[in-house]
Amino acid sequence: MRSGERYAERMRLPVAGWLAVLALAVVAAALSNMGDMRWWRVAASAVVLVVPLVGAWWLGRLPVRVVEESGEVWLHVDDARLPMSAVASVEVLEPVAYSDALGVAQHPLAFAVQRPWLNRGVRIVLDDPEDPTPYWIVSSRRPERLRDAMLASEPAGV
């Protein structure tokens, strides 16, 4: 972790997910070539092989961080930033509650950052009358630690 960070994680794809993406990419690349070794088909097969792997990496690069800057605690989710002074409450969502929160009951103005391979997260209810966003939902492998880092008055080691 960097200086001032209370919590940091990336929403990386698990090993089983990487194996599934790799297997599907290899099969698609093999089917796109069908044994013909002309250069344009080999190039197309290489693209078909590489694009899903790059896509899986890109989806897993998203950082979630809790940082203390100039005496204030901030939640950083990729490029979005939220000061803890605008937060009313933070709730850990277990798999069923997390699924329900992302379903049809979700508020249309809610800010949600989720990945399909993560089935837990936190709901951060906002207390900012100027912001139309009622809450954030953020996926996390360790939502309890994320909540604790956000609400702690002293820096917590992760």
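Parameters at a glance
Residues numbered from 1 in each chain as written. Predicted model: local features only at pLDDT ≥ 70, side-chain atom pairs only at ≥ 80, totals over all residues. Heavy atoms only, no water. Core = buried A, V, L, I, M, F, W, Y, C linked by side-chain atoms within 4.5 Å. Buried < 20%, exposed > 50% of the residue type's maximum accessible area, 1.4 Å probe, protein only. Helix = DSSP H or I, 4+ residues; strand = E, 2+ residues; numbered from the N terminus. Contact = heavy atoms within 4.5 Å. Axes fitted to C-alpha atoms, helices over the stretch in contact; angles between N-to-C directions. Parallel < 35°, antiparallel > 145°, perpendicular 65-115°, else oblique. Left-handed = near helix turned anticlockwise from the far one by under 90°. Nonpolar A, V, L, I, M, F, W, Y, C, P; charged D, E, K, R; others polar. Salt bridge = Lys/Arg side-chain N within 4 Å of Asp/Glu carboxyl O. pLDDT = per-residue confidence, 0-100. Pairing = 2+ DSSP bridges.

(A) Expanded view of the nonpolar core. Grouped together as the largest cluster of nonpolar side chains are 25 residues, with contacts concentrated most on Leu75, Leu82, Ile124 and Trp136. When contributions to this core are tallied by element, the ones reaching two or more residues are strand S2 (63-69), strand S3 (72-77), strand S4 (80-83), strand S5 (87-93), strand S7 (121-126), strand S8 (135-139) and helix H4 (143-151). Discounting chain neighbours no more than four positions away, the residues touching Leu75 are Val64, Arg65, Val66, Ala80, Arg81, Leu82, Met84, Ile124, Trp136, Leu146 and Met150. Leu93, Tyr98, Ala110 and Ile137 belong to the second largest nonpolar core, which has six residues in total.

(B) Structural view of the packing of helix H1 (residues 15-33) against helix H2 (residues 39-60). Where H1 meets H2, the closest approach of the two axes is 8 Å, and the angle between their N-to-C directions is 165°. As far as their axial angle goes, H2 and H1 are roughly antiparallel. Crossing of H1 over H2 shows right-handed handedness. Packed against H1, whose contacting residues are Trp18, Val21, Leu22, Ala25, Val26, Ala28, Ala29, Ser32 and Asn33, the element H2 presents Arg41, Val42, Ala44, Ser45, Val48, Leu49, Pro52, Leu53, Ala56 and Trp57 at the interface. Taken together, the residues of the contact of H1 with H2 break down into 15 nonpolar, three polar and one charged.

(C) Molecular detail of the pattern of salt bridges. Taken as a whole and assessed by the stated rule, the structure comprises eight salt bridges. Here Glu5 and Arg65 are joined by a salt bridge, their closest N and O atoms 2.7 Å apart. Residue Glu5 is located in strand S1 (residues 5-10), and its partner Arg65 is located in strand S2; the two are separated by 60 residues in the primary sequence. Across this residue pair, the class does not change: Glu5 and Arg65 are buried. A salt bridge links Glu91 to Arg123, with the nearest nitrogen and oxygen atoms 3.2 Å apart. One end of the pair, Glu91, is in strand S5; the other, Arg123, is in strand S7, with 32 residues separating them in the sequence.

(D) Region of the structure containing the confidence of the model for the protein chain. Counting all residues, the mean pLDDT for the protein chain is 88, and 94% of those residues have values of 70 or more. Within the model, the stretch residues 154-158 combines pLDDT values under 50 with eight contacts to residues more than four positions away or in other chains.

(E) The sheet that holds strand S6 (residues 111-113), seen in detail. Reading across the sheet, the four strands line up as S5-S7-S8-S6 and stay open at both edges, with mixed pairing between neighbours. For this open sheet the edge positions go to S5 and S6, each flanked by a neighbour on one side alone. With direction set aside, neighbouring strand axes in the sheet form an average angle of 10°. As defined by bridge partners, S6 adjoins S8 across three bridges and the pair is classed as parallel. Within S8, the position partnered with Phe111 by the bridge is Trp136.

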